[in-house]
Structures are given as C-alpha cells and as structure tokens.
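Fold and contact review
Spelled out from the first residue to the last, the chains are:
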Protein chains: 2
Amino acid sequence: MSELSAKAEKLDAADELAAKRGEFVLDEVVYLDGNSLGALPANVPGQVSDVVLRQWGSLRIRSWEESGWWTAPERIGDRIAPLVGAAAGQIVVGDSTSVNVFKALVAAVRMAGEGRDEIVVDATTFPTDGYIAESAARMTGCTLRPVQPSQVPGVLGPRTAAVLLNHVDYRTGRLHDLPSLTAAVHAAGAYIVWDLCHSAGALPVGLDEHGVDLAVGCTYKYLNGGPGSPAYLYVRRDLQPRFDSPLPGWNSHAEPFGMRGDYEPASGALRGRVGTPDILSMLALEAALDVWEDVSIESVRAKSLALTDFFLECVGEYVPQGRVESLTPAAHEERGSQVALRCDDAGTVMKRLIERGVVGDFRAPDVLRFGFTPLYVGFADVERAARVLGEVVGGS
Amino acid sequence: MSELSAKAEKLDAADELAAKRGEFVLDEVVYLDGNSLGALPANVPGQVSDVVLRQWGSLRIRSWEESGWWTAPERIGDRIAPLVGAAAGQIVVGDSTSVNVFKALVAAVRMAGEGRDEIVVDATTFPTDGYIAESAARMTGCTLRPVQPSQVPGVLGPRTAAVLLNHVDYRTGRLHDLPSLTAAVHAAGAYIVWDLCHSAGALPVGLDEHGVDLAVGCTYKYLNGGPGSPAYLYVRRDLQPRFDSPLPGWNSHAEPFGMRGDYEPASGALRGRVGTPDILSMLALEAALDVWEDVSIESVRAKSLALTDFFLECVGEYVPQGRVESLTPAAHEERGSQVALRCDDAGTVMKRLIERGVVGDFRAPDVLRFGFTPLYVGFADVERAARVLGEVVGGS
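Named according to an unreviewed UniProt entry, chain A is Kynureninase originating from Streptomyces cupreus. In its Cofactor (unreviewed entry) section, the UniProt record describing chain A reads: "pyridoxal 5'-phosphate". Its UniProt record gives chain A the following Sequence similarities (unreviewed entry) comment, quoted word for word: "Belongs to the kynureninase family."

Right, here's the structure in full:
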C-alpha cells in the first residue's frame with residue numbers, strides 16, 4: 001500500500017460523514033461530477049413511485065390539497081433554507097435557474113428605482129446568467145456592465161441598480177467573498193443577486209447573516225434533486241413587499257383560485273412563484289433533501305476542504321509536474337468544492353478517465369473539472385482518481 | 001334499465017375508442033376532471049422508474065447524451081406536433097404555460113416592430129394569461145387592451161402588435177373560431193398567440209393549416225402528462241429566425257456547451273428553450289404521449305362531441321328544470337370538450353358529487369365544470385354523472 005493510500009484509509013476511518021454514502025445509490029465508479037448532477041439518494045425512487053401511483057394515479061386532482069402539491073414550492077423552499085443560512089419563509093422552489101435569475105434581476109432593478117440604470121454582472125459567470133442579465137437589462141432600460149468579480153467594488157456607483165454574481169465560479173471553482181461583496185454593493189445603494197448553484201449544499205452561505213437581497217440556485221448539483229430538478233429563489237423577508245415580479249403568474253396571486261382579472265400579489269416568498277409547479281421533479285427533490293436531516297453544512301464544508309486538499313496533494317504526487325495546472329485557488333477561503341485542472345488535451349484525458357471509472361467533466365477548451373460531494377465521496381475515491389489521472393496523462 | 005342507460009350501453013358498444021380506457025389507471029370513480037389533471041397512463045410508472053433508477057441512478061451524467069435527455073424538449077415537442085396540426089420542428093417542451101405566454105407575447109411584440117404598441121387580450125381568459133400579458137405589455141412599452149373574444153376583430157388596427165386568445169374558454173368551455181380570428185389578426189398586420197391548454201388533445205387545432213404565428217399550451221390536461229408537467233411553445237417555422245426570446249437561457253444557444261460569453265440563438269424551435277429541462281416530469285410526459293400512437297384527433301373530437309351532447313341530454317332529463325343552466329354553447333362549432341353548468345350552490349353540489357364518486361370541479365363563484373376526455377370517459381360514465389347530479393340537486 002502506498003503512503004497516500006494509507007493516508008486515505010486513515011482519513012476515511014475518521015470521517016464523520018462516511019456513513020452518508022450508504023444513503024445514495026452508487027457503484028464502483030468514482031463519481032466526481034456531483035457538481036453537475038448529484039447522485040441518486042436511495043429514498044427517492046420509493047417517493048417518486050408513491051407520487052406517480054398513489055398521488056397522481058389514485059387520488060388524482062385531490063392531491064393538490066391532500067398530498068400537499070399546492071404548497072410544495074414554499075414547503076421545499078423551507079427545507080433548503082437552513083442549508084443556505086436562511087430563516088423560513090424566504091425561499092420558493094420552481095422554474096429553472098435562468099428563469100429565476102430573470103425574476104431576481106428585474107425585481108432588483110425595480111427596487112433600485114429611478115436613476116439607477118446599470119446592471120453589473122460577473123464576466124466569468126456561467127453563460128446563462130450573462131445572457132439573462134442582458135435580457136433583463138434590455139427590458140428594464142439598463143446597461144449591462146460585465147466585470148471580473150474582484151473589480152466589482154471599483155465600478156459600483158450611483159447608477160448601479162443591481163449586481164449579479166456567482167458564489168463559486170463554475171469553471172475554476174473559485175469561491176468569491178460573499179460578505180464583503182454584498183457589503184460593497186449595499187454601500188453603493190444597489191441590490192445584490194447571488195447565484196448559489198455551485199455553493200449551496202457544499203459550504204455555508206449565510207444569506208440572512210450577510211444581508212443578501214436576492215439569491216437563486218439550482219438543486220440538481222450538491223442538493224441531489226435529480227436531472228433538471230427545479231431551481232429556487234430567495235427574497236429577503238423585508239424586501240418581499242417590494243418584490244415586483246416580471247412573471248406574475250397565477251400561482252403568485254394573493255387569491256389564486258379567485259380567478260380574478262386583476263393581479264394582486266401574494267405576500268411572502270410565494271410571490272416568486274409563477275405557474276403550476278412540476279410536481280414529479282419537485283417531490284423527487286423533496287425526498288432527496290431528507291439526507292440533510294442530521295448533517296450540518298459546517299461539517300460538509302470541513303470535509304469538502306479536506307477532500308480537495310487531499311486531491312491536490314495526490315495530484316502533486318501522481319501527476320508529472322507541468323502536465324496539469326490547478327485553476328482552483330489554494331487558499332481555503334477562495335475555494336469551492338471542486339478542483340479544476342488546466343490540461344492541454346483535457347477532452348481526451350477526461351474520456352480516458354471515464355473509461356477507467358473516474359467520472360469528472362470536461363469544460364472547453366482545456367479544463368478537467370472534478371467536483372467533491374462530501375456526502376458520498378471518500379478519501380480513497382480521491383486517491384484513486386488522482387492515481388488514475390496520473391496514469392492517463394503518462395505519469396508513474 | 002332506464003332509456004338513457006340503454007342508450008349509453010349502445011353508444012359504448014359502438015365506441016371505437018372504448019379500448020383506450022384500458023391504457024389508463026382508473027377505478028370506479030367517474031373522472032370528469034381530466035381538463036384539470038389527466039388520469040395516469042398505465043405505461044408511465046414503468047418509464048418513470050427507469051428514468052430514476054437506471055438513467056439517473058446508474059448512468060447519471062452520461063444520460064444527458066445516452067438517454068436522450070438533452071434533446072427531450074424538441075423530441076417531445078415533435079410528439080405533440082401532430083396533435084395540434086403542426087409539422088415537426090416547431091414545438092419545444094419546457095417551463096410552465098405562464099412562462100411560455102411571456103416568451104410568446106414579448107417575441108410577438110418584437111416581431112411586430114416599431115409603431116405597434118398595443119397587446120389585445122381575451123378579457124375572459126384564464127387569469128394567468130392576463131397577468132402575464134400585463135407584464136409583457138409593461139416591459140415592452142405596450143398598452144394592454146382586454147376585450148371579449150368576439151370583439152377582437154373590431155379593435156384591431158395599425159397599433160395592434162399582438163393578440164393573445166384562448167382556443168377554449170377554461171370556464172364556459174366555449175370554443176373560439178381560431179381560423180377566422182387568426183385571419184383577422186393577420187389582416188391587421190399583427191401577430192396571434194393562441195393558448196391551447198383546453199383544446200390540445202381534445203379537438204383538432206390546425207396550427208399550420210391556419211397560419212397561426214405562436215401558440216402555447218399545458219400538457220397535464222387532455223395530454224395526461226402528470227401534475228405540473230412542462231408546457232410547450234409553438235413558433236411557426238418561417239418566424240423562427242425572428243423569434244427574439246426575453247428568456248435567452250443557455251439551452252437556446254447555438255452552441256450551448258461552448259460556454260461563450262456572447263449570446264447567439266440556436267436556429268429552429270429550440271430557440272424557445274431556456275434553462276435545464278426538468279427531466280423527470282418531461283420523460284413522464286413522453287411516456288404519456290404513447291397512448292396517442294394509434295388515435296386520430298378527429299375521432300377524439302367526434303367522441304368528445306357525442307359525450308357532451310349526451311351529457312346535456314341526460315342533464316335535461318335528470319335535473320329539474322331551472323336548477324342548473326349550461327354556460328357551454330349548444331352549437332358544436334362553439335363547444336370544447338367540457339360542459340359548464342351554472343348552479344347557485346355549485347360549491348356544495350360539487351362536494352356532494354365527489355363524495356358520490358363523480359369528480360368534476362368547482363370554479364368560483366357558481367360554476368360546476370365537467371371535462372370529458374374521450375380516451376377514458378365512456379357514455380355510461382356520462383349517464384351516471386348526470387343521474388347523480390340530478391339526485392344531488394334534488395331531482396327525481
């Protein structure tokens with residue numbers, strides 16, 4: 001046994017979260033793509049089957065009340081809330097992340113009011129956020145200003161209406177400083193929208209603590225909600241009365257079954273709802289959230305950092321120097337739960353890794369991306385992944 | 001056996017679609033609420049189970065390609081196309097009806113161009129369409145003009161940009177004249193958006209034949225896609241290059257995995273996509289559409305009219321005169337696939353009907369709504385529903 005294997009064994013033996021792996025459906029593959037699609041929690045199939053056969057098949061329309069379908073968006077939002085540091089009543093689940101970015105940005109610009117006509121957006125963002133921000137700017141008469149996150153404080157001013165940032169960069173895994181960036185945006189009198197896709201479920205976010213205005217995120221990465229499971233929208237409680245949605249569907253009406261011609265928004269987080277929620281996907285997500293019941297996000301973060309530290313250590317040992325270059329910051333306070341390695345032939349390398357049972361993903365043109373989900377990835381997995389990577393790129 | 005029971009028996013015996021009922025999970029209940037939530041097709045549970053256990057649980061991220069997840073929105077759109085009279089390549093599935101109304105209306109206003117700043121909307125519409133139309137008007141600098149559908153031709157003019165109409169009124173069941181209203185809108189140089197929620201799967205729509213510009217619809221009513229299953233958007237082929245979406249998410253990009261900062265829309269119907277599709281709900285819908293494989297929409301329409309005719313006949317026989325009043329037009333060319341009965345104590349009456357195994361729904365303040373899904377409702381069901389209604393309201 002190599003020194004690193006022995007170390008992995010010790011780390012696994014001391015891992016408080018090790019037993020959590022048993023709550024997922026997994027196999028021999030080292031699955032380091034949970035930052036793209038989380039693995040299947042073992043209790044989801046039973047719940048989905050109940051939703052289809054009993055709730056839909058037998059109760060049919062009665063399930064909107066009797067099975068709690070109607071209130072699912074806010075009920076499941078309250079399940080996500082503690083994972084991102086939010087008190088109940090501020091999150092609704094539904095629609096895609098892109099649609100929620102649109103709601104949040106337009107609402108933020110409307111809150112900012114007259115005279116503020118600039119939307120600042122992370123230039124390195126996951127593209128959809130930038131495209132949607134451009135549309136939100138166009139439809140609210142704003143100018144879009146893409147900048148590097150580190151430059152955000154320098155461009156804020158009296159014309160800034162809203163700022164859209166990613167908590168963790170989808171490509172490099174860099175964690176941005178949410179508290180200080182939020183404070184800077186507030187100091188300029190503007191509103192902040194955080195995209196939590198790559199941080200929720202992997203590290204503490206502290207939405208309430210840091211006074212975040214609005215946030216969005218997906219649920220199919222570290223929250224394991226399933227392919228394309230619905231996204232969520234956070235609107236800070238005191239801003240909810242001013243949340244003026246560009247998508248005021250009947251589900252956000254104060255009296256949805258009143259079938260009234262005039263629109264009167266509901267109070268609270270459910271003002272962020274739009275149309276009929278996709279119940280199958282939504283209740284699969286609800287079941288998937290059960291795995292969090294006895295887990296603290298702090299322990300998840302501690303293990304996540306230990307996993308990425310150990311991966312970088314193993315890569316340093318197994319991969320010939322200069323063959324790959326880490327794009328992920330070494331400093332813990334700047335690192336999410338993934339490691340991105342620049343590698344000239346990344347596309348081919350990832351293909352070979354997958355053939356050999358190590359699943360990460362490739363981001364064009366030259367990035368190998370490895371996501372570490374602390375609930376089901378162990379240290380032996382990490383050692384094996386780095387070892388196979390070393391073999392694939394021609395190391396010892 | 002009463003005369004009407006005997007007639008029901010004969011009609012059922014001659015019903016070409018009678019065997020279709022066996023393809024659904026049904027029980028002793030007379031289910032006349034398929035215009036709210038379609039019944040469960042029998043092949044859906046197996047398909048959903050495969051999606052969860054094998055595609056997600058075992059293949060995980062590979063399923064985006066290997067299980068056809070990525071192309072599901074346009075593939076399933078092509079399955080819906082023949083049911084609404086559309087050639088392939090013009091429909092994508094995804095998001096809610098409300099979100100699709102927003103996309104379609106904003107795109108229509110943009111197609112109409114400068115100088116056209118009025119959106120005309122059905123004043124009797126399902127409320128969400130009106131709320132979303134108001135938002136679309138506000139965000140495109142238009143004025144919203146709600147009118148009765150029959151008055152639409154009279155208000156069209158050089159300022160009309162877009163018109164949003166329901167093919168079948170959700171409350172009364174009235175079928176509007178799609179060909180002539182479409183022609184009137186076109187004659188005024190404006191664009192038409194049809195909401196097909198209450199017609200698709202119940203009667204022929206003829207989108208291509210009548211030159212409709214844009215259309216939206218849900219899939220959980222007569223298409224039996226399941227609770228909150230994704231909606232769809234039709235964009236006529238020759239208009240697709242000019243379809244300028246207000247929700248340009250990464251799924252509608254010409255090169256979605258290029259992760260490019262600049263937005264370049266894809267060509268074709270998939271320009272209407274936004275974010276990551278909700279795969280569980282979407283693939284349940286795909287399985288649900290199998291029941292249409294050997295069914296013509298013309299035969300469905302013929303049976304639908306026979307069912308509603310027979311229901312009105314039975315109500316005339318079993319319910320004391322003056323106790324209820326049909327809001328649904330008697331003329332076939334003005335009738336969808338439901339019958340709405342005005343009734344002073346409709347809320348209480350519907351509650352009692354449901355207790356006695358006849359499920360319709362109540363729409364405030366005084367409407368009993370009965371939907372007739374020709375694929376699984378038979379004539380004996382109709383006779384029983386009317387008979388129980390007669391007993392509940394105190395008839396013979």
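Some words on the overall build of chain A
Helix and strand counts for chain A stand at 12 helices and 15 strands. The C-alpha atoms of chain A give 22 Å as radius of gyration, which agrees with the globular expectation for 396 residues (21 Å, within 12%). For chain A, the C-alpha atoms occupy an extent of roughly 70 × 55 × 35 Å along the three principal directions. Among the 396 residues that make up chain A, the fraction classed as buried is 64%. Contacts in chain A between residues far apart in sequence, at least 24 positions, make up 72% of those at least 6 positions apart. Carbon and sulfur atoms provide 50% of the accessible area of chain A, an area that totals close to 13,200 Å². Across chain A, 36 positive and 52 negative side-chain charges occur, with their mean positions spaced 3 Å apart.

Focus on the UniProt feature "modified residue: N6-(pyridoxal phosphate)lysine" (unreviewed entry) in chain A
Residues and elements named next belong to chain A. Mapped onto the present numbering, the UniProt feature "modified residue: N6-(pyridoxal phosphate)lysine" (unreviewed entry) falls at Lys-221. One can find Lys-221 in the loop between strand E9 (214-217) and strand E10 (232-235). Its relative accessible area of 10% is what places Lys-221 among the buried residues. In this structure Lys-221 touches Gly-34, Asn-35, Ser-36, Gly-38, Cys-197 and His-198, once residues within four positions along its chain are discounted. Side-chain polar atoms of Lys-221 contact the backbone oxygen of Asn-35, separated by 3.1 Å.

Brief notes about the pattern of salt bridges
Under the criterion given, the structure shown has 66 salt bridges over all chains. Arg-145 of chain A is paired through a salt bridge with Glu-118 of chain A; the nearest N and O atoms lie 3.5 Å apart. With Arg-145 of chain A in strand E6 (residues 143-147) and Glu-118 of chain A in strand E5 (residues 118-122), this residue pair connects regions lying 27 residues apart in the sequence. When its relative accessible area of 34% is taken as the criterion, Arg-145 of chain A is described as partly exposed. A relative accessible area of 11% places Glu-118 of chain A in the buried class. Here Glu-293 of chain B and Arg-79 of chain B are joined by a salt bridge, their closest N and O atoms 3.4 Å apart. One end of the pair, Glu-293 of chain B, is in the loop between helix H9 (279-288) and helix H10 (297-318); the other, Arg-79 of chain B, is in helix H4 (residues 72-80), and 214 residues separate them in sequence.

Brief notes about the sheet that holds strand E11 (residues 325-326) of chain B
Residue and element names in this part refer to chain B. What the four strands build is an open sheet, ordered E11-E12-E15-E14; its pairing is antiparallel. A single partner strand is all that each edge strand has here, and the edge strands are E11 and strand E14 (361-363). Where strand E12 (residues 338-342) lies against strand E15 (residues 367-371), five bridges are found, and the strand directions are antiparallel. Looking at the pairing, Leu-341 lines up with Leu-368 of E15.

Points about the interface of chain B and chain A
Chain B puts 72 residues into the contact, and the matching count from chain A is 72 residues. Taken together, both faces of the contact between chain B and chain A bury some 5,800 Å²; the carbon and sulfur share is 68%. Counting the surface chain B buries against chain A, the share from its top three residues, Trp-56, Arg-60 and Tyr-131 of chain B, is 15%. Inspection of the region where chain B meets chain A yields four salt bridges. Summed over the shared surface of chain B and chain A, the number is 19 residue pairs in polar contact (both at pLDDT 80 or more). Put simply, the parts of the chain that give the side of chain B that touches chain A at least two residues each are strand E3 (40-41), helix H2 (44-59), helix H5 (97-112), helix H6 (127-140) and H9 of chain B. Split into classes, the residues belonging to the side of chain B that touches chain A amount to 42 nonpolar, 19 polar and 11 charged.

Overview of the packing of helix H1 (residues 3-13) of chain A against helix H10 (residues 297-318) of chain A
Residue and element names in this part refer to chain A. Following both chains from N to C, one finds H1 and H10 inclined at 170 degrees, their axes separated by 11 Å at the closest point. Classified by the interaxial angle, the pair formed by H1 and H10 is roughly antiparallel. In this structure, H1 uses Leu-4, Lys-7, Ala-8 and Leu-11 to contact H10, whose residues at the interface are Phe-310, Glu-313, Cys-314, Glu-317 and Tyr-318. Of the residues that constitute the contact of H1 with H10, the class distribution is six nonpolar, no polar and three charged.

Quick notes on the packing of helix H2 (residues 44-59) of chain A against H2 of chain B
In the contact formed by H2 of chain A and H2 of chain B, the axes pass within 10 Å of each other and the chain directions differ by 165 degrees. As the angle between them shows, H2 of chain A and H2 of chain B are arranged roughly antiparallel. When you trace H2 of chain A past H2 of chain B, the crossing you get is right-handed. Of the residues in H2 of chain B, those in contact with Val-44, Pro-45, Val-48, Val-52, Leu-53 and Trp-56 of chain A of H2 of chain A are Val-44, Pro-45, Val-48, Val-52, Leu-53 and Trp-56 of chain B. Each residue belonging to the contact of H2 of chain A with H2 of chain B can be placed in one class, and the counts come to 12 nonpolar, no polar and no charged.

Concerning the pairing of strand E15 (residues 367-371) of chain A
All names here are of chain A. Of all five residues in E15, five are buried, a share of seventy percent or more. Summarising the sheet, strand E14 (residues 361-363) and E15 pair through three bridges and their orientation is antiparallel. Opposite Asp-361, over in E15, you have Arg-369 as the bridge partner. Count of turn residues in the E14/E15 antiparallel hairpin: three residues.

Cut-off values and rules
- Residues numbered from 1 in each chain as written.
- Chains lettered and ligands numbered in written order.
- Predicted model: local features only at pLDDT ≥ 70, side-chain atom pairs only at ≥ 80, totals over all residues.
- Heavy atoms only, no water.
- UniProt positions renumbered as here; feature names shortened; annotations may be inferred.
- Helix = DSSP H or I, 4+ residues; strand = E, 2+ residues; numbered from the N terminus.
- Rg over C-alpha atoms; globule rule 2.2 N^0.38 Å.
- Buried < 20%, exposed > 50% of the residue type's maximum accessible area, 1.4 Å probe, protein only.
- Contact = heavy atoms within 4.5 Å.
- Areas by Shrake-Rupley, 256 points an atom, 1.4 Å probe, with all protein chains shown as cover.
- Lys, Arg positive; Asp, Glu negative; His and termini not counted.
- Charge placed at Lys NZ, Arg CZ, Asp CG, Glu CD.
- Polar contact = N/O pair within 3.5 Å; in protein donor to acceptor, adjacent residues only side chain to side chain.
- Salt bridge = Lys/Arg side-chain N within 4 Å of Asp/Glu carboxyl O.
- Pairing = 2+ DSSP bridges.
- Buried area = accessible area lost by both parts, 1.4 Å probe.
- Nonpolar A, V, L, I, M, F, W, Y, C, P; charged D, E, K, R; others polar.
- Axes fitted to C-alpha atoms, helices over the stretch in contact; angles between N-to-C directions.
- Parallel < 35°, antiparallel > 145°, perpendicular 65-115°, else oblique.
- Left-handed = near helix turned anticlockwise from the far one by under 90°.

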